[in-house]
Amino acid sequence: MDSEVGPLRAVLLHRPGNELKRLTPRNNDQLLFDSIPWVDRAQDEHDAFAEVLRGRGVDVLLLADALRTALEDDRAHAAGVHAAVDDRRLGGDLADSLRSHLSGVSSAGLAEVLMAGMTFEELPSAEGASLVRMMNHPHDFAVDPLPNLLFTRDSSVWIADRVAISSLNMPARRRETAVLDLIYAYHPQFRHAARAYGAHSAPIEGGDVMLLAPGVLAIGVGERTTAAGAESLARSVFADGIAHTVLAVPIEQSRATMHLDTVCTMVDADAVVMYPLARDMLTAFTLRPTGDGGVKVAGPAPFLTAAAEAMGIDRLRVIDTGLDPVTAEREQWDDGNNTLALAPGVVVGYERNVETNERLEAAGIEVLPIAGSELGSGRGGPRCMSCPVRRDPL
């Protein structure tokens, strides 16, 4: 896969499940949601999103199905049990009891624990006293749920023919990497996929990684991806020969701009939709290989200038999210910049971002609108909710 906009052929999605039903006003901030979603409606909205993709010829693979298939391998099942049980949280005796229990459950049962978590009340009964069990509330989590699995873009990203397993920075998301590791290691479709990055490397998240053109990556550096992560991924893709230029793009460390794809996304081979305030403020450091295993760094320069130069084009067309500052700010918060390209000039976007969608249409971009009143409660749009696995070359 060499771009953000080549015709999309296969994608990994996660249909909202019981993990979202674990969210409460007491824990939603910690689990990175701004509100408590209506799960049934979120599922309906997600089903409609998946149908839009299928209707355009995209093969949709659901993460839960992929995980259950992977866990049918005995080695994956053992690794899944190991990923679920935290000795430091449970103590030795309780951890051993839970490991013994999970070792005997089906692949579907283990997948559900890995995704939706487990409360102390749901732990198997055990002989003897456990201070850990007694001092925790029955509804506290013995195994944390993973409600952010919905945003499959963040936990892995494909670059050329290799997959990068993200090193997720927020505590609520770190165990997601174990789930993706299992899928890419043991699912028949991915078993032979080469790795471009490992989950135990410096923090980097897929929402910050953008394939601007063949051989050209932009990596946002902010709340979720560190400078060390951006440099480490650059060194990896240079060593693998799958990129010749990486742009490291500093972004504001805030909830509204948690990833680069909350600020801009590509909608055509030479066009981006972008939050107006970012147009003139974004800069980029340009990283290129030295030829002897090193990396040379230039800049910073204006992002749009550096991107066009790296892509070998005169300029990058910019479509703003709104004419007036208030509308632009509202639609940026509602993921107006976070579109998923199905082909050059064809994107999926939330229907609520009326002005942004009108501006895209006026610029010749076809917008396929989807509902997102509940899906957007975790601050993520169509790009956040999709991990493209295969695209045709531009």
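Residues numbered from 1 in each chain as written. Predicted model: local features only at pLDDT ≥ 70, side-chain atom pairs only at ≥ 80, totals over all residues. Heavy atoms only, no water.

K.L.:
When you look at the pattern of salt bridges in this model, what are you seeing that I'm missing?
P.N.:
Scanning the entire structure with this criterion turns up 24 salt bridges. With a closest N to O distance of 2.9 Å, D87 and R99 form a salt bridge. On the criterion of sequence distance, the pair formed by D87 in helix α4 (residues 87-90) and R99 in helix α5 (residues 92-103) is long-range, its members being 12 residues apart. A residue is classified by how much of its surface remains accessible, and R99, at 22% relative accessible area, is partly exposed. Because the salt bridges share partners, they merge into one network encompassing E4, R153, D261 and R383. (Salt bridge = Lys/Arg side-chain N within 4 Å of Asp/Glu carboxyl O. Helix = DSSP H or I, 4+ residues; strand = E, 2+ residues; numbered from the N terminus. Buried < 20%, exposed > 50% of the residue type's maximum accessible area, 1.4 Å probe, protein only.)

K.L.:
Sorry if this is basic, but what is going on with the packing of aromatic side chains here?
P.N.:
Where two aromatic rings form a pair, the distance of their centres and the angle of their planes describe that pair. Scanning the entire structure with this criterion turns up 3 aromatic pairs. Measuring from centroid to centroid gives 5.8 Å for W158 and Y184, while their planes differ by 75°, and the two rings are edge-to-face. With W158 in strand β5 (residues 156-159) and Y184 in helix α9 (residues 176-186), this residue pair connects regions lying 26 residues apart in the sequence. Owing to a relative accessible area of 8%, W158 belongs among the buried residues under this scheme. When the ring of Y184 is compared with that of F190, the centres are 5.0 Å apart and the planes differ by 70°; the resulting orientation is edge-to-face. Accessibility assignment for this pair places Y184 and F190 in one class, buried. Taken together through their ring pairs, the aromatic side chains of W158, Y184 and F190 make up a single cluster. (Phe/Tyr/Trp six-rings, centres within 6.5 Å; stacked < 30°, edge-to-face > 60°.)

K.L.:
Looking at this structure, I do not really get the packing of helix α3 (residues 74-84) against α9. What am I missing?
P.N.:
The description of two packed helices rests on the angle between their axes and on the distance between the axes. Where α3 meets α9, the closest approach of the two axes is 10 Å, and the angle between their N-to-C directions is 175°. Viewed along their axes, α3 and α9 adopt a mutual orientation that is roughly antiparallel. Side by side, α3 and α9 meet where R75, A76, A79, G80 and A83 of the first sit next to A178, L182 and Y186 of the second. Here the residues of the contact of α3 with α9 sort into 6 nonpolar, 1 polar and 1 charged. (Axes fitted to C-alpha atoms, helices over the stretch in contact; angles between N-to-C directions. Parallel < 35°, antiparallel > 145°, perpendicular 65-115°, else oblique. Contact = heavy atoms within 4.5 Å. Nonpolar A, V, L, I, M, F, W, Y, C, P; charged D, E, K, R; others polar.)

K.L.:
Can you walk me through the nonpolar core in this structure?
P.N.:
What tends to happen in soluble globular proteins is that the nonpolar side chains get buried as a cluster. Counting 44 residues, the largest nonpolar core has L67, L114 and Y184 as the members making the most contacts within it. Sort the elements by how many residues they give to this core and α9 lands first, with 6 residues. Setting aside its immediate chain neighbours within four residues, L114 contacts L67, L71, G80, A83, A84, L146, R175, V179 and L182. Within the second largest apolar cluster, 36 residues are counted, among which are A218, V272, V273 and L304. (Core = buried A, V, L, I, M, F, W, Y, C linked by side-chain atoms within 4.5 Å.)

K.L.:
Any chance you could explain helix α1 (residues 39-55) here in plain terms?
P.N.:
For the α-helix, the turn length of 3.6 residues means that residues three or four positions removed from each other point alike. Over its 17 residues, α1 extends 24 Å from the first C-alpha to the last, a length consistent with the 24 Å expected when each residue adds 1.5 Å. Three or more residues of α1 are buried, namely V39, A42, Q43, E45, H46, F49, A50 and L53. In an axial view of α1, the angular spread of the buried residues amounts to 165°, which keeps them on one side of the axis. Lining the buried residues of α1 we find β1 (8-13), β2 (59-62), β16 (340-343), β17 (346-350) and β18 (366-370). Just beyond α1, the residue with positive phi is G57, at close to 85°. (Expected span 1.5 Å × (residues − 1). Arc of directions from axis to C-beta.)

K.L.:
What is the right way to read the packing of α3 against α5 from this model?
P.N.:
Where α3 contacts α5, the axes come no closer than 10 Å and their chain directions differ by 150°. Considering how the two elements wind past one another, α3 and α5 form a crossing that is right-handed. Across from H77, V81 and A84 in α3, the residues of α5 making contact are R99, L102 and S103. (Left-handed = near helix turned anticlockwise from the far one by under 90°.)

K.L.:
What should I look at first to understand the side chain of R391 in this one?
P.N.:
With respect to the helices and strands, R391 occurs in strand β19 (residues 387-391). Of the side chains with opposite charge, E4 comes closest to the buried, unpaired R391, at an N-O distance of 5.1 Å. Here the side chain of R391 touches E4 through a polar contact of 2.9 Å, landing on its backbone oxygen. Separated by 2.9 Å, the side chain of R391 and the backbone oxygen of A341 make a polar contact. Not counting residues up to four positions away in its chain, the partners in contact with R391 are M1, S3, E4, V5, G6, P7, L8, R9, L340, A341 and L342. (Lys, Arg positive; Asp, Glu negative; His and termini not counted. Polar contact = N/O pair within 3.5 Å; in protein donor to acceptor, adjacent residues only side chain to side chain.)

K.L.:
Looking at this model, I keep getting lost on the sheet that holds β2. Mind explaining?
P.N.:
Through backbone hydrogen bonds, the strands of a sheet pair up, either in parallel or in antiparallel fashion. Reading across the sheet, the 3 strands line up as β2-β1-β19 and stay open at both edges, with mixed pairing between neighbours. Taken across any chain shown, the strands that pair with only one partner, and hence form the sheet edges, are β2 and β19. Averaged over neighbouring strand pairs, the angle between their axes works out to 20° when direction is ignored. Examined bridge by bridge, β1 and β2 share 4 bridges and lie parallel to one another. Residue pairing in the sheet places L12 in a bridge with L61 of β2. Packing against the sheet, α1 makes contact with β1 and β2, and its axis sits at approximately 160° to β1. Packed on one face of the sheet, helix α2 (residues 63-70) meets β1 and β2 and runs near 60° to β2. (Pairing = 2+ DSSP bridges.)

K.L.:
Is there a simple way to explain the environment of L247 in this structure?
P.N.:
With respect to the helices and strands, the residue L247 is situated in strand β10 (residues 245-250). Taking the C-alpha atoms as reference points, L247 and F285, separated by 38 residues in sequence, lie 5.5 Å from one another. What L247 contacts, discounting residues up to four positions off in sequence, is L212, L217, A218, I219, A284, F285, T286, F303, A306 and A307.

K.L.:
Would you mind going over the side chain of T262 with me for this structure?
P.N.:
Turning to its location among the elements, T262 is positioned in the loop between β10 and β11 (264-268). T262 gets classed as buried once you look at its relative accessible area, which sits at 5%. One polar contact links the side chain of T262 to the main-chain carbonyl oxygen of H259, over a distance of 2.6 Å.

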